[in-house]
Amino acid sequence: AERSIRERKDAEADERIRNRLKRDKIFDRVASFENTLLQNRVDAYAAHCEKMDSKQQWLQEQLESRQSNVEKIAAKQQKTRENVQKHLEEKQAKAEEKYWEICARHDKAATVRNDNLATTIKGYQTTNTKKKTSHASRYERMLVDWEREQIRKQNERMAPPGGGGGGEGSALSKTYSDSILLAAERRKNHAEVVGANRERLRRAHHFEVEQQVEKLRSMRLKVQVMDDARATADKRRTEVVANCAREKMHLQNRVDRTKNSKDNEKMYNMLEELDPDPEAVARINELLGELGLQKIGFIKEGDEEGK
């Protein structure tokens, strides 16, 4: 038992020694790894510093070359501006060309639509005319048939039960003639009604056309009045601008002559003719006082009475 205990203790001691050796190796590897990382950081920092130095040197060279090539840079900028202007002009030209193409396409489409509409309306009118003619013909035919049927029924009612004779034939002939006259009278009345309706429709159409013409005439008159008013306003505005420019030029010329003159009386005469307001007189007197000249003292009568 003591031997086994001793062997176990010896084994544990050997195990502790091996573990200690392993820990030493591990510590050595960790220290080597940390040293390697530190060296890599130092190398990376040195490379970064070298890169920054080279970058700063390159920037300095670029700045010096830029300062030494001012004319070249200005020429390049001018060329760039010209290229931009040319590009904008080409873009504007393309946009205008596309716009006019679209307008032409729309005009063509409108022409096609108008042609199709005219064709459709013409077809409708032809169909309506045919239907109206057919309906009128059918109505006339039905009216004739109805009148014949009425005449036949009336003759059957007035015929004697026993048969015919000479007097009976004359009465039948007379009755038939009255029926024909009645049918003719009805047709005449129908024709008169149709003629009256057509006359009424014609007058209504004529009145509508007159109303439309009057409306167009009033619209044209209104547009003409607006154009005349606009032209008159433009003419007055042009005259006012021309008069203001003319008076400004004359006043400027007179002021220039007064400034170049040695006679102060011209300046005082010009100020009296301009007839400034009291505030302007106060400012003018202030400026004249600064220049050591005689002040002006004229004030409008209404302002003096108010004061």
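Nothing here was measured: the structure is a model prediction, and the numbers come from that model.

K.L.:
Now, about a nonpolar patch on the surface: what can you tell me, with residues and values included?
P.N.:
Taken together, the side chains of Ile26, Phe27 and Val30 make up a nonpolar region of the molecular surface, amounting to roughly 280 Å² of accessible area. Relative to the helices and strands, Val30 is located in helix H1 (residues 2-68).

K.L.:
So what about the layout of surface pockets? Which residues, and what values?
P.N.:
Size it by volume and the largest pocket reaches roughly 340 Å³. What lines the largest pocket is Lys132, His135, Ala136, Tyr139, Glu140, His190, Val194, Arg198 and Leu201. When residues of the lining of the largest pocket are assigned to their parent elements, the largest contribution, 5 residues, is made by helix H2 (residues 70-158). Among the residues forming the lining of the largest pocket, the class breakdown is 4 nonpolar, 2 polar and 3 charged.

K.L.:
Help me get a handle on the nonpolar core, residues and values and all.
P.N.:
One finds Tyr268, Leu271, Val281, Ile284, Leu288 and Ile296 forming the largest nonpolar core, which totals 6 residues. For this core, the secondary-structure elements that each account for two or more residues are helix H4 (264-274) and helix H5 (278-291). Per-element tally for this core: the top contributor is H5, with 3 residues. For Leu288, the residues in contact, after removing those within four places along its chain, are Met267, Tyr268, Leu293, Gln294, Lys295 and Ile296.

K.L.:
Give me H4: which residues, what numbers.
P.N.:
Along an α-helix, a turn takes 3.6 residues, which lines up residues three or four apart on a common side. Burial in H4 covers these residues: Tyr268, Met270 and Leu271. For H4, the angular spread of buried residues about the axis comes to 160 degrees, placing them on one side. Looking at the residues trailing H4, positive phi occurs at Asp275, about 55 degrees.

K.L.:
Account for the confidence of the model for the protein chain, with residues named and values stated.
P.N.:
Predicted confidence across the protein chain gives a mean pLDDT of 81, with 86% of residues reaching 70 or more. Across the protein chain, H1 holds the top mean pLDDT of 88, while helix H6 (residues 301-306) sits lowest at 41. Overall, residues 162-176 carries pLDDT values under 50, and its contacts beyond four positions in sequence, including any with other chains, amount to 8 contacts. Scored below 50 in pLDDT, residues 299-307 makes 7 contacts in the model with residues more than four places away or belonging to other chains.

K.L.:
Would you mind going over the packing of aromatic side chains in detail, with residue names and values included?
P.N.:
The relative placement of two aromatic rings is captured by the distance of their centres and the angle of their planes. One pass over the structure, following the stated rule, counts 1 aromatic pair. Between the aromatic rings of Tyr99 and Trp100, the centroid separation amounts to 5.1 Å while the plane-to-plane angle is 65 degrees, which identifies the pairing as edge-to-face. Take Tyr99: its relative accessible area is 48%, and that puts it in the partly exposed class.

K.L.:
Before we move on, can you summarise the side chain of Asn285 with the specific residues and values?
P.N.:
With respect to the helices, strands and loops of the structure, Asn285 is situated in helix H5. Judged by relative accessible area, which is 13%, Asn285 ranks as buried. The contacts of Asn285, once residues within four sequence positions are left out, are Lys295 and Ile296.

K.L.:
Describe H5, listing the residues and the values that go with them.
P.N.:
For H5, built from 14 residues, the straight-helix expectation of 20 Å at 1.5 Å per residue is met to within 8% by its first-to-last C-alpha distance of 20 Å. All of the buried residues along H5 are Val281, Ile284, Asn285 and Leu288. Looking straight down H5, one finds that the buried residues subtend no more than 100 degrees of arc, so they occupy a single side. Exposed residues on H5 whose side chains face more than 90 degrees from its buried face are Glu279 and Glu290. Tucked inside the fold, the buried residues of H5 contact H4. With its phi angle positive at about 75 degrees, Gly292 sits one or two positions after the end of H5.

What counts and what doesn't
- Residues numbered from 1 in each chain as written.
- Predicted model: local features only at pLDDT ≥ 70, side-chain atom pairs only at ≥ 80, totals over all residues.
- Heavy atoms only, no water.
- Patch = residues over 30% accessible without salt bridge, like charges linked within 9 Å, V, L, I, M, F, W, Y side chains within 5 Å.
- Areas by Shrake-Rupley, 256 points an atom, 1.4 Å probe, with all protein chains shown as cover.
- Salt bridge = Lys/Arg side-chain N within 4 Å of Asp/Glu carboxyl O.
- Helix = DSSP H or I, 4+ residues; strand = E, 2+ residues; numbered from the N terminus.
- 1 Å grid on protein atoms, 1.4 Å probe; cavity = no way out; pocket = protein on both sides within 12 Å on 5 of 7 lines; lining within 4 Å.
- Points joined across faces, edges and corners; volume = space filled by probe spheres on them.
- Nonpolar A, V, L, I, M, F, W, Y, C, P; charged D, E, K, R; others polar.
- Core = buried A, V, L, I, M, F, W, Y, C linked by side-chain atoms within 4.5 Å.
- Buried < 20%, exposed > 50% of the residue type's maximum accessible area, 1.4 Å probe, protein only.
- Contact = heavy atoms within 4.5 Å.
- Arc of directions from axis to C-beta.
- pLDDT = per-residue confidence, 0-100.
- Phe/Tyr/Trp six-rings, centres within 6.5 Å; stacked < 30°, edge-to-face > 60°.
- Expected span 1.5 Å × (residues − 1).

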